[in-house]
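Listed here are the chains, written in short residue letters.
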Amino acid sequence: MVLENAFDPGAFRASGHQLVDLLADYLERIGKDDTPVIAWHPPAQAFERWQEAFQPGAGQGAVGPLLETVLAESIHLHHPRYMGHQVSPAAPMATLASLLCDWLNNGMGVYEMGIVGTTMERILIKSVSGVMGFGDTADGFFTSGGTLANFTALLAARSSKAPGKIWEEGAKGPLALMVSEEAHYCVDRAARIMGWGSAGVIKIPVNDQFQMRTELLPEYFEQAKTQGITVVAVVGSACSTSTGAFDDLEAIAAFCQANNLWFHADGAHGAALAFSQKYKNRVRGLALADSVAMDFHKMLHVPAVTTALIFKEGREAYHTFNQRAQYLWAEAEAEEWHNLAKRTFECTKLMMGLKVFTTLQAHGYGFFDETVTRVCDLGLAMAALVNAHPHFELACNPPCNIVCFRYRREGQSKAATNVLNQKIRQALLEEGSFYIVQTQLHGETWLRTTITNPFTSIEDIQNLLNKLEGFANSIELN
Ligand SMILES: *Cc1c(COP(=O)(O)O)cnc(C)c1O
């Protein structure tokens, strides 16, 4: 009976309708009532609460009450005062595609297990690479997040540029990549996973706007050579996670071209600016990269995780994993776009293409243009408000929707300013009316916001600053 109940169409229909109604009501009211952005619970308390709630027993059938509680107790990305980490509120229509994607459970590793998803993916990659400025030879795929996309790109870089047959024989000597010291930690992690160690990540210092000092590339490159280290790639951040700084992609491309290095652009967050008529100039040079990673779940409202990895020369991706899997493919060596697992790290993989295809089919590229432009405009407007305020200061001039700033008392030491801003952030987290995060820049604490919800207003941002100032005034430092 349990099995029959689990697959009962009537029960599914009832719970499904309930959930959709719940979500539509939520969308109508979120931000208009007094629901906080986050209902903060310390980890131990949350664990205890959910441990108590976990009562599988004989099963309770209906999932409505459970899902309603999860919705109520989760952080609300659709709340206009959510301004924290970079993930964007999911486009409602796209989440319907997510439901279907989960329902179908198509694995996508082999063509037969995902005919529609695989084909959509191909069409989207071609279309999006065109928007980025790539030519006809560009190709790629969707993969599970920017972290994995960057890792996969660096594996391809290694296959392409390392001496010898690395896949069969391993590395002949120490290898390395060069990347700005402000890059996302996953680049560092990727190099270490490949066994390159600390010396395998050559960190290039940044300027006062947190961009890679590309004029230093030759010097660091020569230094590595002297130490017997073979540099295979340079990773440009477009943009970096902490501050939203865009490296000079054209300069990196020229350096890579001159030295036969792979150029990977980590555009997990910022490559989406290519969709904005107003801001696309910030990512000029993107199509000079050998590979580009771009998250659709960061600025583009596609449910997580959905990341495109695009190669300037699509064929390069077939050399990343020179592996045979006879049970999967009749022709292991053939370059078949339709058997995705030949190029992806994953075997079973979500139908990510369906989520993007549905989003674009429903709203068009204009949706991406409008939302990216709007949140970048808001980021710049926030910077102006911070600048005009006597007690707040900016870490740098934000080029997009990521803004780092802090509260500073007259004559206060740096150490005390760090503690004060940590306390302000913690007070806000526990109060919950806004959600922002913090970051460390050159060892100092800064408050960090990502305006990721296009329905955040200037008034919301002004109210955030007022709220933070209120906390600052009530915090005593000893
Ligand atoms: C978010 C981000 C990543 C990691 O992407 P995930 O999708 O979270 O795995 C990598 N690089 C940059 C620059 C990012 O902003």
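Data block above holds the structure.
Caption draft 1: Region of the structure containing the overall build of the protein chain. Helices and strands together make up the secondary structure of the protein chain, namely 15 helices and 11 strands. In terms of overall size, the protein chain behaves like a compact globule, its C-alpha atoms giving a radius of gyration of 24 Å where 478 residues would be expected to give roughly 23 Å. The principal-axis extents of the C-alpha atoms in the protein chain amount to approximately 70 × 60 × 40 Å. By residue count, 51% of the 478 residues in the protein chain fall in the buried class. When contacts within the protein chain are restricted to residue pairs at least 6 apart in sequence, those whose partners lie at least 24 apart make up 71%. In the form shown here, the protein chain has an accessible surface area of approximately 22,000 Å², with 55% of it arising from carbon and sulfur atoms.

Caption draft 2: Expanded view of the packing of aromatic side chains. All told, the structure shown has 17 aromatic pairs when counted by the stated rule. Their ring planes at 20 degrees and their centres at 5.6 Å tell us that Tyr82 and Tyr435 sit as a pair that is stacked. Of this pair, Tyr82 sits in the loop between α4 (64-73) and α5 (92-104) while Tyr435 sits in the loop between α14 (414-431) and β10 (437-441), and the two are 353 residues apart along the sequence. Both residues of the pair, Tyr82 and Tyr435, belong to the buried class.

Caption draft 3: Region of interest: the packing of α14 against helix α15 (residues 458-474). In contact at an axis separation of 9 Å, α14 and α15 are set at 115 degrees when each is read in the N-to-C sense. α14 and α15 meet at a crossing whose hand is right-handed. Where α14 approaches α15, its residues Leu420, Ile424, Ala427, Leu428 and Glu431 are matched on the opposing element by Leu464, Lys467, Leu468, Phe471 and Ala472. The residue inventory of the contact of α14 with α15, partitioned by class, reads eight nonpolar, no polar and two charged.

Caption draft 4: Geometry of the packing of helix α6 (residues 115-132) against helix α12 (residues 352-363). Two elements in contact, α6 and α12, have axes whose closest approach is 8 Å; the angle formed by their N-to-C orientations is 60 degrees. By the angle class used here, α6 and α12 are oblique. Taken as a pair, α6 and α12 cross one another with a handedness that is left-handed. For the pair α6 and α12, contact is made by Met120, Ile123 and Leu124 and by Gly353, Leu354, Val356, Phe357 and Leu360, respectively. Partitioned by chemical class, the residues of the contact of α6 with α12 number seven nonpolar, one polar and no charged.

Caption draft 5: Region of the structure containing the side chain of Ser98. For Ser98, the position within the fold is in helix α5. If sequence neighbours within four positions are ignored, Ser98 has contacts with Pro303 and Lys355.

Caption draft 6: A look at the site of the ligand. Taken together, the neighbourhood of the ligand is formed by 15 residues, with Gly146, Thr147, Asp266, Asp295 and Lys298 sitting nearest. With respect to the ligand, the side chain of Thr147 contributes an N or O atom lying 2.7 Å from an oxygen atom. One nitrogen or oxygen atom from the side chain of Thr241 is found 3.0 Å from an oxygen atom belonging to the ligand. When the ligand sits alone it has 380 Å² of accessible area, and the protein chains cover 87% of it. Per-element accounting of the shell around the ligand gives the leading share, three residues, to helix α7 (residues 146-161). Tallied by class, the residues present in the shell around the ligand amount to three nonpolar, nine polar and three charged.

Rules of the game
Residues numbered from 1 in each chain as written. Predicted model: local features only at pLDDT ≥ 70, side-chain atom pairs only at ≥ 80, totals over all residues. Heavy atoms only, no water. Helix = DSSP H or I, 4+ residues; strand = E, 2+ residues; numbered from the N terminus. Rg over C-alpha atoms; globule rule 2.2 N^0.38 Å. Buried < 20%, exposed > 50% of the residue type's maximum accessible area, 1.4 Å probe, protein only. Contact = heavy atoms within 4.5 Å. Areas by Shrake-Rupley, 256 points an atom, 1.4 Å probe, with all protein chains shown as cover. Phe/Tyr/Trp six-rings, centres within 6.5 Å; stacked < 30°, edge-to-face > 60°. Axes fitted to C-alpha atoms, helices over the stretch in contact; angles between N-to-C directions. Left-handed = near helix turned anticlockwise from the far one by under 90°. Nonpolar A, V, L, I, M, F, W, Y, C, P; charged D, E, K, R; others polar. Parallel < 35°, antiparallel > 145°, perpendicular 65-115°, else oblique. Near = heavy atom within 4 Å. Polar contact = N/O pair within 3.5 Å; in protein donor to acceptor, adjacent residues only side chain to side chain.

Take it as geometry only, folks, not as evidence of what the structure does.
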